[in-house]
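# Chains, contacts and geometry: an overview
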Amino acid sequence: MNTRLTVLKTVLWTIVGVLAVVTLARFFRGLGSTTGLTDLAPWGFWIAFDVMAGVALAAGGFVVAAMVHIFGRQAYRPFARPAILTAFLGYVAVVVGLLYDLGLPWHIWHPMIFPQVGSVLFEVAMCVMLYLTVLALEFGPVVLEHPLLQQSPFVEIAAILKWLTIPLVIAGIVLSTLHQSSLGSLFLIAPYRLHALWYTPIIWVLFFVSAIGLGLMTVVAESFFSAAFFGHRLRMDLLSGLGRAASGVLFLYAGLRLADLTLRGLLGSAFDGSWQAYLFWFELLMSALVPATLLAVERVRSSAAGLACCSLLTILGVAGYRFDVCIVAFARPEGMSYFPTWPELAVSLGVVSAMVLVFIFFIENFRVCEHEPEESEQPAARPLSPLDPYDPGTMICLLPDSIRAPRRYSLAFVVGASLAITMLPDDALWGAQAKGQQVSPVRAVDGLITKRADAPGHELALATHRPLVKPGAETAPLLMIDGNRDGRLVLFPHKSHISRLGEQRSCARCHHQNMPFDRNTVCWQCHRDMYSTSDIFSHASHLEKLGGNASCLRCHKNSREARTRKTATACRECHKDMVVEGSFVKPPEGGVAGLACGYLDAMHKLCIECHERSVQEKPNEYTALARCATCHRGLGGPVLRQMPPYATDLQPKPEHDARPPGR
Amino acid sequence: MTDTWGILTDITLCTGCEECVKACKVENGLGCDVPRRWKRRIDDLSSTRHTTIVRQPRDRFVRQFCRHCLHPACASACIVGALRKTPEGPVVYDRDRCMGCRYCLMACPFGIPKYEWESPVPYVRKCTMCHHRIVKGRVPACVEACPEKATIFGTRSGLLAQAKNLIQREPRRYLPRVFGEKEVGGTCVLYASGIPLDFLQFRPEVKETPLPELTWAALTKVPPIVVGMTGLMAGVWWIIGRRMQLAREAAREARSASAGASPAGEKDEEKTA
């Protein structure tokens, strides 16, 4: 039995198990909770790897088809079928990857009914769709050769397909030329975002030429794969021929790229010492210059190790080119970096694994490779003996492999799926959560109050805030309300509110809480998060106060209902004086309590309602009282950052701002 | 070209009161801003905030929203025509066509279209210049709400003349250019400003070429590539096939001429081919 292949298949099935779980998370919880994508990095790993690199990797299909059928290089015929199968599965992987990436994948057919000839993406979509059809027809004869299909309609179809070979090959070449290059043209629309070392009007030529080089090296890599797992013989003479062709194509690619930069006068920016310049050289050396130089040497390209290294370098390098264009060299403002999450990587890896499994299935069941492995490696060829199904050590009956294999792979699948469930990020399980923003307490500051000249009311300013100091200003203590310290604070004249709302008795109008033994509970003890509600109900302390487990029925009165917050007795049934008389705060509707709304909502509701009422009652006196700007006066962030509380708050952050632009 | 509607914002008049933001939220039913992983600040443009105030040093406030380009990159990029430039001026979005490829987010030079990342059924969200109000003869909600008359609505050519007039009358108050007059071929949204507005785009300098022209230059090469490639491949196939046929016939003749000679010559030829 071929143990190496069995291990490979087991690993692949495990990854497919992970894929299954991540798929559910992706489609039920959305892109935001499973990927690292943002509005400023809208295309991430799935587009760069599955689509951009995937299409380029599958270029081997049309390159080999052209060599064999058009240029008459019959010697390379053994590569044709595996290359076309790889291309077909590669494009299926592209489409499947795209289904994960599209926000509304069930609309993937829309380009067919809403054609937009001005969109490059439309051209790419049409070409990929047509080419996938062409590849299916090119590969059709291989499936139709199967003994099961040697009957009436299938034989005729196979004959027609065989007759159509040359038109299909030519159509495949034309479609490939178009979309391999157009994937580059996609980025022509973004001259202000793609870095100058990558943005060029001939980017589509570079994409096409690099795809041919990569396609040739993928065919080589595939031969090594077949040799490692199926024991197929390596045709070193043919492979080194492919290597020589790839060398020329890669030199052409590197030459075009450098010549283009030189002609447009941008070669200098490749030596300016920025990280993009280093990245550019690293990528160009890895994708083209190093493998092309090595492959030009006869000794390297006729050795298996040399060829394998070069093909790995090219694959990583040209895929890296796609990544750089799509993600790394694509400008983003500071502080908005993109890094793929593990579910993103798992989807890409999982789709590739699934395609490798299908590839193995075709190799095992159809005549894809024209040179068959030696008979001795086939498990069926082993002579059967009566002792065979027993393990010699334990004498346990062993099941035949036809039953054992599915069991092993199912187990691998389940193990993969369970691993994925345990590792799934919280967001992917429960949906994207809002980021928590703890509230900071209100502080007392020295302020200035100026009577407005043009309108009724007063203007408030910080004593340290020089630009707003005006003649006739009086100093006064103010409260600075700035829950999340983002510089959009409100200066609150506490004293004038006291006098306006009725001196001592007015406290309860805003300070509504009446906790047992309460002295002065500050707002942020309950309204703990800036934007989202926080739970303020302590079950444990209620249990303790009311008498342990015997007290459940005090709140959960109906024993037949589930004991939840919703079915429990409302808080104010017991805490009748929780909201005091004359308060601006109204008790929550429906009586469900124990949840405090976000700090922002609490403050706004308390202030704005009262302000709006004042405007309605005395429209002449309070003209603009209900406007945001009345309280949020123009206290710009940059000024505040120089002031004491902000200056200290912001100190640990500089390294965050020092990130290179664009990452 | 017929004139379109536009919005002119005078940065020197804006007090940053955010009444426009409030009006936009009410008009379009956008709901609360929530702090998310994909936002830097709570008041960044997002799927729940189509316009926002960018605070600049020395109490300058710049309203950021869709520029409604005359040649919009987003609409030219859109694969299904979900984003569309209307004859009235606004660039609008049709959610029933969208397939969620997010090429518009990649294409926009101002980073305007935003995505509903939190939703399993996400749509692109952006300012539509209240197209539904314009067609009924009303002004956009943000313009209506502005208490300082810092952002005004009108025909683009009228606003442009008005902005130039303002700048000419008070050259010390404004920079000597109308932002949006020429960038990427001109935008319906114009700014008269005393400070440079380069922070509203990804690169400080933006040229006058409309972005759709750049991709169109590549797209016009599609028909010649189709014809040329098909012709080339068919030609090569025919010539090489013919040469191989001739070589085979020549070899057969040579063999029949010297019967008994080994067919090694033919094999060699195949290998070198």
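First, a word on scope: everything that follows refers to the structure included in this document. (Residues numbered from 1 in each chain as written. Chains lettered and ligands numbered in written order. Predicted model: local features only at pLDDT ≥ 70, side-chain atom pairs only at ≥ 80, totals over all residues. Heavy atoms only, no water.)

## Some points on the pairing of strand β1 (residues 5-10) of chain B
Residues and elements named next belong to chain B. Cut-off, in case you're wondering: Note on exposure labels: buried denotes an accessible area under 20% of the residue type's maximum, exposed denotes more than 50%, and partly exposed covers the range between, all computed with a 1.4 Å probe on protein chains only. Put simply, DSSP H or I for four residues or longer makes a helix, DSSP E for two residues or longer makes a strand, and each gets a number counted from the N terminus. For two strands to be treated as a pair, DSSP must find at least two bridges joining them.
Burial of β1 is extensive: five of the six residues sit out of reach of the surface. Strand direction decides the pairing type here: β1 and strand β8 (residues 151-155), joined by five bridges, are antiparallel. Residue pairing in the sheet places Leu8 in a bridge with Ile152 of β8. Relative to strand β9 (residues 189-192), β1 runs parallel, the two being bridged by four bridges. Paired with Thr9 across the strands is Tyr191, a residue of β9.

## What about the sheet that holds β9 of chain B?
Within a sheet, neighbouring strands are paired by backbone hydrogen bonds and run either parallel or antiparallel to one another. Residues and elements named next belong to chain B. As a reminder, the rule being used: For helices, the fitted line uses only the C-alpha atoms of the stretch in contact; every axis is such a line through C-alpha atoms, and the angle between N-to-C directions lies from 0 to 180 degrees. Only heavy atoms matter for contacts: two residues are in contact if any of them lie within 4.5 Å across the pair.
Sheet architecture is open: three strands sit in the order β8-β1-β9, paired in mixed fashion. Because the sheet does not close on itself, it has two edges, and the strands there are β8 and β9. Going from strand to strand, the sheet's axes swing by 25° on average, the running direction of each strand aside. Relative to β8, helix α6 (residues 156-169) is tilted by about 130°, and along the sheet it contacts β1, β8 and β9.

## What about the sheet that holds strand β2 (residues 458-462) of chain A?
Residues and elements named next belong to chain A. Read across the sheet, four strands follow the order β2-β1-β3-β4 without closing on themselves; strand pairing throughout is antiparallel. A strand with exactly one partner marks an edge of an open sheet, and here the two such strands are β2 and β4 (490-492). For this sheet, the mean inter-axis angle between neighbouring strands, taken without regard to orientation, is 50°. In this sheet, β4 lies alongside strand β3 (residues 474-481) in antiparallel orientation, the contact comprising three bridges. Pairing of Leu479 across the sheet is with Phe492, part of β4.

## Focus on the pairing of β3 of chain A
Sheet faces and side chains relate simply in a regular strand, where the side chains alternate between the two faces. One ladder, built from seven bridges, connects strand β1 (residues 443-451) of chain A with β3 of chain A; its direction is antiparallel. Pairing of Val445 of chain A across the sheet is with Leu478 of chain A, part of β3 of chain A.

## Some points on the packing of aromatic side chains
Convention followed: Each Phe, Tyr or Trp ring, with Trp reduced to its six-membered ring, pairs with another whose centre is within 6.5 Å; inter-plane angles below 30 degrees give stacked pairs, above 60 give edge-to-face pairs, and intermediate values give tilted ones. Charge-over-ring contacts are defined here by two conditions on Lys NZ or Arg CZ: a distance within 6 Å of the ring centre and an angle within 35 degrees of the ring normal.
Under the definition given, this model contains 27 aromatic pairs over all chains. Centre to centre, the rings of Trp43 of chain A and Phe187 of chain A are 6.1 Å apart; their planes meet at 90°, and the pair counts as edge-to-face. Here Trp43 of chain A, found in the loop between α2 (31-34) and α3 (45-57), pairs with Phe187 of chain A, found in the loop between α9 (165-185) and α10 (203-230); they are 144 residues apart in sequence, far enough to count as distant. Pair check on accessibility: Trp43 of chain A and Phe187 of chain A agree, each one buried. Both rings, one in Tyr91 of chain A and one in Tyr131 of chain A, keep their centres 5.0 Å apart while their planes meet at 85°; by these two values the pair is edge-to-face. Of this pair, Tyr91 of chain A sits in helix α5 (residues 77-101) while Tyr131 of chain A is found in helix α7 (residues 120-144), placing the two residues 40 residues apart along the sequence. One aromatic cluster is present, formed by Trp43, Phe187 and Phe330 of chain A together with Tyr103 of chain B through successive ring pairs. Positioned above the aromatic ring of Phe207 of chain A is the side chain of Arg322 of chain A, whose terminal nitrogen or guanidinium carbon lies 4.1 Å from the ring centre. It is Arg408 of chain A that lies over the ring of Tyr409 of chain A; its NZ or CZ is 5.8 Å from the centre.

## Some remarks on unusual backbone geometry
All names here are of chain B. With a phi angle near 65°, Arg102 is a residue other than glycine that sits in the positive phi range. Residue placement: Arg102 occurs in the loop between β5 (91-93) and α3 (103-107). Looking at Arg102, the relative accessible area reads 1%, which means it is buried. Phi at Cys130 is positive, roughly 50°, even though this residue is not glycine. In this structure, Cys130 sits in the loop between β7 (124-125) and α4 (131-134). The exposure class assigned to Cys130 is buried, which follows from its relative accessible area of 7%.

## Some details on a nonpolar patch on the surface
Residues and elements named next belong to chain A. To be explicit about the condition: To count toward a patch, a residue needs a relative accessible area over 30% and no salt bridge; like charges are then connected within 9 Å, while nonpolar side chains (Val, Leu, Ile, Met, Phe, Trp, Tyr) are connected within 5 Å. The Shrake-Rupley method, run with a 1.4 Å probe, gives the accessible areas here. Residue values count only the displayed protein chains as cover. When a carboxyl oxygen of Asp or Glu is within 4 Å of a side-chain nitrogen of Lys or Arg, the pair counts as a salt bridge.
There is a patch of nonpolar side chains on the surface, built from Trp109, Met112, Ile113, Met129 and Leu130 and spanning about 480 Å² of accessible area. Counting residues per element, the ones that place at least two in the nonpolar patch are α6 (110-113) and α7. You can see Met129 is positioned in helix α7.

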